[in-house]
Amino acid sequence: MNAPMNEPRLFSPTELLDLGTRAFVGLGLPRDDAADVARVLVQADLFGLSTHGLGRIESYGERLQVGGIRARARITVQSPAPALRLVDGDNGVGPLVGMHALRAAMEAARACGVGVALARQSNHFGPISPYGLMAAQAGFASIIGSNATTTIAPWGGSDARLGNSPLGFSVPNPDGPPFLLDMAMSVVARAKIRNALKRGAAVPDTWATDRGGRPTTDAAAALDGFLLPIGGHKGYGLALVVDLFSGLLSNAAYLTHVKSWVDAPDQPQNLGHFFILIDTARLGTTAWLAERMADFAAILHGSPPADPARPVIVPGEIELANMARQQRDGVALDPAVLALLESHAARAQDPVRRYS
């Protein structure tokens, strides 16, 4: 899409998918694998989650170039039980491993009604909502989670021992928007604090503490300290559950065994993910599900808002509205992100310059 001078260039989803795919091919991925990665990251951008979209080309690309992530991962899937899949990501790019795990869980759920995929030897796999949307569009309800680099202190502790592990849920709606909930275990994602630091902005004192455990508004001090969990000790417990399912049960790293991609970018993280899918076609007809989902949303929307300017919404509605708007009007990329994507994509056209 063209834009007037001095205005950000707008891209269609198809253009972003092509650019993202070529950028990851330039970083050494096979084209089909690069397309998997781009699909997840572009969907994040469409949802308005720019901190987890194609901007991740910077951190993913740096680790690919220093060998911390394997560009040509040989991902394998084992089936120890009819509904269970074990995915070994071979230290591949996280969204690639995530897509393999999602497809494995879908295959198991189609056969058994319920499918579970546990992935190991992976890396940061983007936000959960793109996977949740793909699952919902295929008729599956989902519970999806991943562990992460340690950034949160145990409840009552004074050093980082657990990660800001994301957890997400989705429920399909044959005649309307699906339910999509994607949340981290901290009040905010660490990426939001990094963005505040880049802008020279302060952060709310409810987001994080400094190294001494004191609430802070200083973004640099917050990054040097610990993220605060949602719900206090309850959020702490929930974060541990996500790590148990995604890290411990999958035979991936967990808690402090997870290596920091910032401190050790050249070393495998061995992150773990879990995908639990339910085939809603086994529960009733699409008409049955559509009617119940419409009623579910209507009950919530019918609540008189405390603030008339902010009506009650169902999780996922903001992201889906962002997606509809950007599919219509185009997506603007940060100029630095665009330059990096184009630089890597240029290598896809020149095998001699391509990263190995």
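The following refers to the structure shown. (Residues numbered from 1 in each chain as written. Predicted model: local features only at pLDDT ≥ 70, side-chain atom pairs only at ≥ 80, totals over all residues. Heavy atoms only, no water.)

Our focus in this paragraph is the overall build of the chain. A tally of regular secondary structure across the chain gives 11 helices and 13 strands. Taking 2.2 N^0.38 as the reference for a compact globule, 356 residues should give roughly 21 Å; the C-alpha atoms of the chain span a radius of gyration of 20 Å, in line with that estimate. Judged by the C-alpha coordinates and their principal axes, the chain covers about 55 × 55 × 50 Å. Taking all 356 residues of the chain together, the buried fraction comes to 48%. Once local pairs closer than 6 in sequence are excluded, the contacts in the chain between residues at least 24 apart make up 64%. About 16,800 Å² of surface is accessible on the chain, with carbon and sulfur atoms providing 56% of the total. (Helix = DSSP H or I, 4+ residues; strand = E, 2+ residues; numbered from the N terminus. Rg over C-alpha atoms; globule rule 2.2 N^0.38 Å. Buried < 20%, exposed > 50% of the residue type's maximum accessible area, 1.4 Å probe, protein only. Contact = heavy atoms within 4.5 Å. Areas by Shrake-Rupley, 256 points an atom, 1.4 Å probe, with all protein chains shown as cover.)

This brings us to the layout of surface pockets. Volume-wise, the second largest pocket comes out at about 710 Å³. Elements with a minimum of two residues in the lining of the second largest pocket: helix 3 (57-65), helix 6 (190-199), strand 13 (331-332) and helix 11 (335-348). Residue composition of the lining of the second largest pocket, grouped by class: 11 nonpolar, 7 polar and 7 charged. (1 Å grid on protein atoms, 1.4 Å probe; cavity = no way out; pocket = protein on both sides within 12 Å on 5 of 7 lines; lining within 4 Å. Points joined across faces, edges and corners; volume = space filled by probe spheres on them. Nonpolar A, V, L, I, M, F, W, Y, C, P; charged D, E, K, R; others polar.)

So, on to the packing of helix 1 (residues 13-26) against helix 11. Put simply, helix 1 and helix 11 touch, their axes get as near as 6 Å, and they point 60° apart. For the element pair helix 1 / helix 11, the angle class is oblique. Seen along the crossing, helix 1 lies across helix 11 with a hand that is left-handed. Here Leu 19, Gly 20, Arg 22, Ala 23, Val 25 and Gly 26 of helix 1 lie close against helix 11, whose contacting residues are Leu 338, Leu 341, Glu 342, His 344, Ala 345, Arg 347 and Ala 348. Residues of the contact of helix 1 with helix 11, tallied by class, amount to 7 nonpolar, 3 polar and 3 charged. (Axes fitted to C-alpha atoms, helices over the stretch in contact; angles between N-to-C directions. Parallel < 35°, antiparallel > 145°, perpendicular 65-115°, else oblique. Left-handed = near helix turned anticlockwise from the far one by under 90°.)

A separate point is the pairing of strand 2 (residues 76-81). Looking at chain direction, strand 2 and strand 3 (residues 84-88) are connected through 4 bridges and run antiparallel. In the strand pairing of strand 3, Gln 78 is matched with Leu 86. The antiparallel pairing of strand 2 with strand 3 creates a hairpin that spans 2 residues between the two strands. (Pairing = 2+ DSSP bridges.)

Evaluated as defined, the whole model comprises 11 salt bridges. As a salt-bridge pair, Asp 18 and Arg 22 come within 3.0 Å of each other at their nearest N and O atoms. You can see Asp 18 and its partner Arg 22 sitting in helix 1, 4 residues apart, about one turn around the helix. By relative accessible area, Arg 22 is classed as partly exposed at 24%. (Salt bridge = Lys/Arg side-chain N within 4 Å of Asp/Glu carboxyl O.)

For Ala 109, the position within the fold is in helix 4 (residues 94-112). According to the relative accessible area criterion, Ala 109 is buried, its value standing at 0%. Separated by 170 residues in sequence, Ala 109 and Asp 279 place their C-alpha atoms 5.8 Å apart. Once residues lying within four places of it in the same chain are set aside, the contact partners of Ala 109 are Val 114, Gly 115, Phe 140, Leu 277, Asp 279 and Arg 282.

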